[in-house]
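# Tertiary structure, described
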Amino acid sequence: MLAARAAEGDEDAFEALARGHAPQLLRLASRMLDSGTEAEDAVQDAFVSAWRQLPQYRGQAAFGTRVPRVVVNRCLNVLRARRPETDLESVPEPAAPAPLASPARAAESRAAARDLAEALASLSPEQRVCSVLREVEDLPHETLAETVGIRTEVARGRVFRARRCMTEARTAWR
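Residues numbered from 1 in each chain as written. Predicted model: local features only at pLDDT ≥ 70, side-chain atom pairs only at ≥ 80, totals over all residues. Heavy atoms only, no water.

Two elements in contact, helix α2 (residues 11-33) and helix α3 (residues 36-53), have axes separated by 8 Å at closest approach and are oriented at 145°. For the crossing formed where α2 meets α3, the hand is right-handed. From α2, Glu11, Phe14, Ala18, His21, Ala22, Leu25, Leu26, Ala29, Ser30 and Leu33 reach across to α3, where they touch Glu38, Ala39, Glu40, Ala42, Val43, Phe47, Ala50 and Trp51. A breakdown of the residues in the contact of α2 with α3 according to their chemical character gives 13 nonpolar, two polar and three charged. (Axes fitted to C-alpha atoms, helices over the stretch in contact; angles between N-to-C directions. Helix = DSSP H or I, 4+ residues; strand = E, 2+ residues; numbered from the N terminus. Left-handed = near helix turned anticlockwise from the far one by under 90°. Contact = heavy atoms within 4.5 Å. Nonpolar A, V, L, I, M, F, W, Y, C, P; charged D, E, K, R; others polar.)

Rendered as structure tokens:
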């Protein structure tokens, strides 16, 4: 209903839609891009695009699936434009361990988090987006496929391959 009102030019309705969906979209973009500013830009671009396209909105797709698809596409474009290798100096420091944790446990946790981030970064952008949407956002394969704009079988395959790559990358932690 808010999307229909927004399509008629109701700015308050669009603002309500944006406020309702922004936290989830920002979380999604942040996990895909590992950069707060790039994630904010992707979400902002998605809302600008949605606002511009509202006059053509006919209600075929729910606003909740259209805008995440735009965010995913923006994130994929950013990931594809990046250099293939990440400079280790640009990787943010992990959060400080809890004060009661032992130094050995803290070092192990940092190493595990670093290895997991490296494994996620080693995935192709297509596998990474499918993995984040399925494993982190807990989207069903059908919704994931609709959000990314691919067939459900392709989404299942990308998630499977991403899981396999992540498992291989973490064999040292078994």
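A separate point is the nonpolar core. Counting 31 residues, the largest nonpolar core has Met32, Val71, Val72, Val129 and Leu133 as its most contacted members. When residues no more than four places from it in sequence are discounted, the contact partners of valine 71 are Leu25, Leu28, Ala29, Ala42, Val43 and Ala46. Counting residues in hydrophobic clusters, the runner-up holds five residues, among them Ala119, Leu120, Leu123 and Ala162. (Core = buried A, V, L, I, M, F, W, Y, C linked by side-chain atoms within 4.5 Å. Buried < 20%, exposed > 50% of the residue type's maximum accessible area, 1.4 Å probe, protein only.)

Quick look at helix α7 (residues 141-148) now. His141, Leu144, Ala145, Thr147 and Val148 are the residues of α7 that are buried. One side of α7 holds all its buried residues, which, seen down the axis, span an arc of 165°. Glycine 149 sits one or two positions beyond α7 and adopts a positive phi of about 85°. (Arc of directions from axis to C-beta.)

What follows covers the layout of surface pockets. By volume, the second largest pocket is sized at about 270 Å³. Taken together, 13 residues make up the lining of the second largest pocket; nearest its centre are Leu116, Leu120, Ser131, Val136 and Met166. At the level of secondary structure, the elements contributing two or more residues to the lining of the second largest pocket comprise α5 (103-122), α6 (125-136) and α8 (152-169). No other element matches the four residues that α6 contributes to the lining of the second largest pocket. Class assignment of the residues belonging to the lining of the second largest pocket gives a composition of six nonpolar, two polar and five charged. (1 Å grid on protein atoms, 1.4 Å probe; cavity = no way out; pocket = protein on both sides within 12 Å on 5 of 7 lines; lining within 4 Å. Points joined across faces, edges and corners; volume = space filled by probe spheres on them.)

Residue placement: leucine 144 occurs in helix α7. Separated by 12 residues in sequence, leucine 144 and arginine 156 have C-alpha atoms that sit 9.2 Å apart. Aside from chain neighbours lying at most four places away, what touches leucine 144 is Cys130, Leu133, Arg134, Leu139, Ala155 and Val159.

Summed over the entire model, instances satisfying the criterion amount to eight salt bridges. A salt bridge links arginine 27 to glutamate 137; the nearest nitrogen and oxygen atoms lie 3.9 Å apart. In this pair, arginine 27 is assigned in helix α2 and glutamate 137 in the loop between α6 and α7, connecting sequence segments 110 residues apart. With its nearest N and O atoms 2.6 Å apart, the salt bridge here joins arginine 80 to glutamate 126. (Salt bridge = Lys/Arg side-chain N within 4 Å of Asp/Glu carboxyl O.)

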